[in-house]
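Descriptive analysis of the structure
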Amino acid sequence: GQNIDQPTEMTATEGAIVQINCTYQTSGFNGLFWYQQHAGEAPTFLSYNVLDGLEEKGRFSSFLSRSKGYSYLLLKELQMKDSASYLCAVRDWMDSSYKLIFGSGTRLLVRP
Amino acid sequence: ETGVTQTPRHLVMGMTNKKSLKCEQHLGHNAMYWYKQSAKKPLELMFVYSLEERVENNSVPSRFSPECPNSSHLFLHLHTLQPEDSALYLCASSQETSGGARNEQFFGPGTRLTVL
């Protein structure tokens, strides 16, 4: 079956760096996504990894190791507006189609 | 309107009511999705429509009935719901292609449903 684990909550200080980890077990891996979701709002796409390595996009970077079933999202120079839930999602090939399987999300609180 | 829109944003209904949630995507995508998001639980995929054909029905109770009249519109018809069905219902769309393309999903703002 599929299983995606990420920490429930994290706290960090404005201006600091935080790393949110995600581990997964899937049968037909076809890419990993990170989404940001502010309270009461829609999830918005942050990053995508399908090959091993680091993808950098401004203050946000995402890393993938397929052999370890592991990814992390790195947020630099934290701002108060980065307080949100961060959802790890894996695209899995199941039953002749792609499915996006989500973790429970990591709620990040950025303190002044 | 741009992106993915959903109406209504909030809905309170009794267990004997019939209501419908509406989703519209303005992105020219060929796939649309319904998800359920309950507190402290992962997003749960309910239904997938690709090219207006339902390709996924994730063991969802029959009191939820989807409809996709065209590639831009998706409905979720609700009847005789239970209080445990109270949740945020999210619609999403994507452009599905073969191979390893990114094909990220774009989400609507959701409908906050409360069943009394």
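Criteria and thresholds
Each chain has its residues counted from 1, running along the sequence as written. Numbering of ligands from 1 and lettering of chains from A proceed in the order in which they are written. At least 70 in pLDDT is required for a residue's local features to be given in this predicted model, at least 80 for side-chain atom pairs to be given and counted, and no such filter applies to totals for whole chains, interfaces and linings, which use all residues. Only hydrogens and water are removed before side-chain values are computed, so all heavy atoms of the structure are retained for them. To qualify as a helix, a DSSP run of H or I must reach at least 4 residues; to qualify as a strand, a run of E must reach at least 2; elements of each kind are numbered from the N terminus. This radius of gyration counts C-alpha atoms alone. The globule rule is 2.2 Å times how many residues there are, raised to the power 0.38. Any residue under 20% of the maximum accessible area for its type is buried, any over 50% is exposed, and the rest in between are partly exposed; the area is computed with a 1.4 Å probe on protein chains only. Two residues form a contact once any of their heavy atoms are found within 4.5 Å. Using a 1.4 Å probe, accessible areas were evaluated by the Shrake-Rupley method; residue-level cover was limited to the displayed protein chains. Charge convention: Lys and Arg are scored as positive, Asp and Glu as negative, and His as well as the terminal groups of each chain are ignored. All charge positions are set by atom: Lys at NZ, Arg at CZ, Asp at CG, Glu at CD. By convention a nonpolar core is built from buried Ala, Val, Leu, Ile, Met, Phe, Trp, Tyr and Cys residues, the set being connected through side-chain atoms within 4.5 Å. Buried surface area refers to the total accessible area, computed with a probe of radius 1.4 Å, that the two partners give up upon joining, counted for both partners together. Whenever a carboxyl oxygen of Asp or Glu lies within 4 Å of a side-chain nitrogen of Lys or Arg, that contact is scored as a salt bridge. Under this definition, polar contacts are N or O atom pairs within 3.5 Å; protein pairs additionally need one hydrogen-donor-capable and one acceptor-capable atom, and for neighbouring residues in sequence, both atoms have to be side-chain atoms. Should DSSP find at least two bridges between two strands, the strands are taken to pair. Axis definition: a line fit to C-alpha positions, over the contact stretch in the case of helices; interaxial angles, taken between N-to-C directions, run 0 to 180 degrees. Pairs of cysteine sulfur atoms within 2.5 Å are identified as disulfides in what follows. Geometry of aromatic contacts follows a simple scheme: Phe, Tyr and Trp rings, the Trp one being its six-membered ring, pair when their centres are within 6.5 Å, and the pair is stacked under 30 degrees between planes, edge-to-face over 60, tilted otherwise.

Focus: the overall build of chain A
- On a plain count of helices and strands, chain A comes out with 0 helices and 11 strands.
- When its helices and strands are written in sequence order, chain A yields β-β-β-β-β-β-β-β-β-β-β.
- Relative to a compact globule of 112 residues, whose C-alpha radius of gyration would be 13 Å, chain A shows 14 Å and is just as compact.
- Taking the principal axes of its C-alpha atoms as reference, chain A extends roughly 45 × 30 × 20 Å.
- Expressed as a percentage of its 112 residues, the buried residues of chain A come to 49%.
- The long-range share in chain A, meaning contacts at least 24 apart out of those at least 6 apart in sequence, stands at 56%.
- Accessible surface for chain A amounts to roughly 5400 Å². Of this, 48% is attributable to carbon and sulfur atoms.
- Computed over 10 positive and 11 negative side-chain charges, the separation of the two mean positions in chain A equals 1 Å.

Some points on the nonpolar core
- Counting residues in hydrophobic clusters, the biggest one holds 22 residues, and the most contacted among them are B:Trp34, B:Phe64, B:Leu76 and B:Leu78.
- Put simply, the parts of the chain that give this core at least two residues each are β2 (10–13), β3 (18–25), β4 (31–37), β5 (44–50), β7 (64–70), β8 (73–79), β9 (87–94) and β11 (111–115) of chain B.
- Once residues lying within four places of it in the same chain are set aside, the contact partners of B:Leu76 are B:Lys19, B:Ser20, B:Leu21, B:Trp34, B:Met46, B:Phe47, B:Phe64, B:Ser65, B:Pro66 and B:Tyr89.
- Of all hydrophobic cores here, the second largest spans 20 residues; its members include A:Ile4, A:Ile20, A:Tyr24 and A:Leu75.

Examining the interface of chain A and chain B
- Across the contact, 18 residues belong to chain A and 22 residues belong to chain B.
- Contact between chain A and chain B buries roughly 1600 Å² in total, counting both sides, with carbon and sulfur atoms accounting for 56%.
- The tally of links between chain A and chain B comes to 0 salt bridges.
- In this assembly, chain A and chain B are joined by 2 residue pairs in polar contact (both at pLDDT 80 or more).
- If you list the elements that add at least two residues to the side of chain A that touches chain B, you get β4 (29–37), β5 (44–49), β9 (84–94) and β10 (97–102) of chain A.

Looking at the sheet that holds strand β1 (residues 3–5) of chain A
Residues and elements named next belong to chain A.
- One open sheet accounts for 5 strands, arranged β1-β3-β8-β7-β6; its pairing is antiparallel. For this open sheet the edge positions go to β1 and β6 (53–57), each flanked by a neighbour on one side alone. Pairs of neighbouring strands in the sheet enclose a mean axial angle of 15 degrees, with direction left out of account.
- Pairing geometry for β6 and strand β7 (residues 60–65), over 5 bridges, is antiparallel. Looking at the pairing, Glu-55 lines up with Ser-62 of β7.

What to know about the sheet that holds β8(B)
Residues and elements named next belong to chain B.
- Reading across the sheet, the 4 strands line up as β1-β3-β8-β7 and stay open at both edges, with antiparallel pairing between neighbours. Two strands in the sheet have a free side with no partner beyond their single neighbour: β1 (4–7) and β7. Each strand of the sheet is rotated relative to its neighbour by a mean of 20 degrees, with strand direction disregarded.
- As paired strands, β1 and β3 are joined by 4 bridges and run antiparallel to one another.

Focus on the state of the cysteines
- Tallied over the entire structure, the rule returns 2 disulfides over all chains.
- Disulfide partner of A:Cys22: A:Cys88, at an S-S distance of 2.0 Å. Where A:Cys22 bonds to A:Cys88 through sulfur, the torsion about that S-S bond is close to -70 degrees, and the disulfide is left-handed. Here A:Cys22, found in strand β3 (residues 18–25), pairs with A:Cys88, found in strand β9; they are 66 residues apart in sequence, far enough to count as distant. Of the two residues, A:Cys22 and A:Cys88, both sit in the buried class.
- Disulfide pairing places B:Cys23 opposite B:Cys91 at an S-S distance of 1.9 Å. Its torsion about the S-S bond being -70 degrees, the disulfide of B:Cys23 and B:Cys91 is classed as left-handed.

Describing the packing of aromatic side chains
- Scanning the entire structure with this criterion turns up 15 aromatic pairs over all chains.
- Ring geometry for A:Tyr35 against A:Phe45: centres 6.1 Å apart, planes inclined by 80 degrees, an arrangement best described as edge-to-face. Taken together, the residues span a long stretch of sequence, with A:Tyr35 in strand β4 and A:Phe45 in strand β5 at a distance of 10 residues.
- Among the residues examined, A:Tyr35 registers a relative accessible area of 0% and is labelled buried.
- One aromatic cluster in this structure is built from A:Phe33, A:Tyr35, A:Phe45, A:Tyr48, A:Phe102, B:Tyr33, B:Tyr35 and B:Phe107.

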